[in-house]
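Spelled out, the chains give:
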Amino acid sequence: MNRVEAAANTNNQLFIPYIVAGDPTIEVTIDLARVLEESGAHILELGVPYSDPLADGPVIQAAANRSLQEGTSLQTVIDTVRQIRAAGIRIPIVLFCYVNPILKYGLHDAVKAASEAGVDGWLVPDLPYEENDEMKKTCNEYGNVLISLVAPTSNERVKRIAKEAQGFLYCVSSLGVTGVREEFDHRLDTFITAASESSSVPLAVGFGVSKREHVARLHTQGYGAVVGSRIVKEIEKYETMLRDPNQRSKALLQIKTFVQSLVSS
Ligand SMILES: O=P(O)(O)OC[C@@H](O)[C@@H](O)c1c[nH]c2ccccc12
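Residues numbered from 1 in each chain as written. Predicted model: local features only at pLDDT ≥ 70, side-chain atom pairs only at ≥ 80, totals over all residues. Heavy atoms only, no water.

S.K.: Help me out: how do you make sense of the packing of helix α2 (residues 26-38) against helix α4 (residues 74-86) in this one?
M.R.: Angle between the axes and distance between the axes are the two parameters that describe a pair of packed helices. For the pair α2 and α4, interaxial distance at closest approach is 10 Å and the crossing angle is 45 degrees. Judged by the inter-axis angle, α2 sits oblique to α4. Of the two possible hands of crossing, α2 and α4 adopt the one that is right-handed. Taking contact as the criterion, the partners of I26, T29, I30 and A33 in α2 are, on α4, T76, T80, Q83 and I84. Of the residues in the contact of α2 with α4, the class split is four nonpolar, four polar and no charged. (Axes fitted to C-alpha atoms, helices over the stretch in contact; angles between N-to-C directions. Helix = DSSP H or I, 4+ residues; strand = E, 2+ residues; numbered from the N terminus. Parallel < 35°, antiparallel > 145°, perpendicular 65-115°, else oblique. Left-handed = near helix turned anticlockwise from the far one by under 90°. Contact = heavy atoms within 4.5 Å. Nonpolar A, V, L, I, M, F, W, Y, C, P; charged D, E, K, R; others polar.)

S.K.: Is there a simple way to explain the packing of aromatic side chains in this structure?
M.R.: What characterises a pair of aromatic rings is the spacing of the ring centres plus the angle enclosed by the ring planes. Counted under the stated rule, the structure contains three aromatic pairs. Taken together, a centroid distance of 6.4 Å and an interplanar angle of 55 degrees make the contact between F96 and Y170 tilted. One end of the pair, F96, is in strand β3 (residues 93-96); the other, Y170, is in strand β7 (residues 169-172), and 74 residues separate them in sequence. Like Y170, F96 is buried. Cluster of aromatic residues (ring-pair linked, three or more members): Y18, F96 and Y170. (Phe/Tyr/Trp six-rings, centres within 6.5 Å; stacked < 30°, edge-to-face > 60°. Buried < 20%, exposed > 50% of the residue type's maximum accessible area, 1.4 Å probe, protein only.)

S.K.: I'm lost on the pairing of strand β8 (residues 203-206) in this one. Help?
M.R.: For a regular strand, the rule is simple: side chains alternate between the two faces of the sheet. Of the two faces of β8, the one lined by L203 and V205 and the one lined by A204 and G206 are each fully buried. Where β7 lies against β8, four bridges are found, and the strand directions are parallel. Across the sheet, residue C171 finds its bridge partner in β8, namely V205. Between the parallel pair β7 and β8, the chain is carried across by helix α9 (residues 188-198), and the sense of this crossover is right-handed. Handedness of the β-α-β unit built from β8, helix α10 (residues 212-220) and strand β9 (residues 224-227) comes out right-handed. (Pairing = 2+ DSSP bridges. Right-handed = clockwise from strand over helix to strand, strands pointing away.)

So this is what it looks like as structure tokens:
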């Protein structure tokens, strides 16, 4: 069984952090992967920075820019995963990548290289479900899953996507872009109920999940929690210390304590 599927099926309180690879450096990304694994994360969403991140809010856009200034590319992210695995970090990794860098690299070559480096799945936010056949087939050919994303739009489409989902079904809490939110779309509960009734895999909710109460509520309802911007903001806060080898471990400890506070029951 694929490691993302295994993690999703054995943990009914999924916690899935998202960070941008190369933010603030590739070296720190490897340390952060270990910190997130130690903090109890079940699956790591590792973002490939992109110059035109349509679905991302200001926090993640800024992180992508920091990473792009470091020269991060899909290739260096694949190389980073290889280093993460060589460091003995086993957490299942889902690569978060917009479609352009994949097409530029070559879809088949990208999935093959990533799988050989230790990637377990992909999520391509701007690849419509109706056009994902080749990506899904190639992912599955290399033992990877393609994670599907559903938003609170028409229930019929949600049901169709949910039925064929792999690993876990990523339910976007509200329309718009990523970023910390106080409240969620009022249609969230009906939308998620429709999705869970049709889904053959566990659900995880993302977009705006940024407090312990948010995570606890989702876990109580039997859903996983995806947290991106709020963790990326913490990384931004400690950027200078993370860049300084003499202060890095202190910053990593602060970040670990923060992440643990999000998931502490
Ligand atoms: O940042 P938030 O509001 O916590 O949402 C998670 C999100 O960052 C992460 O899953 C993600 C990053 N980029 C995306 C693009 C589309 C969908 C989801 C994402």
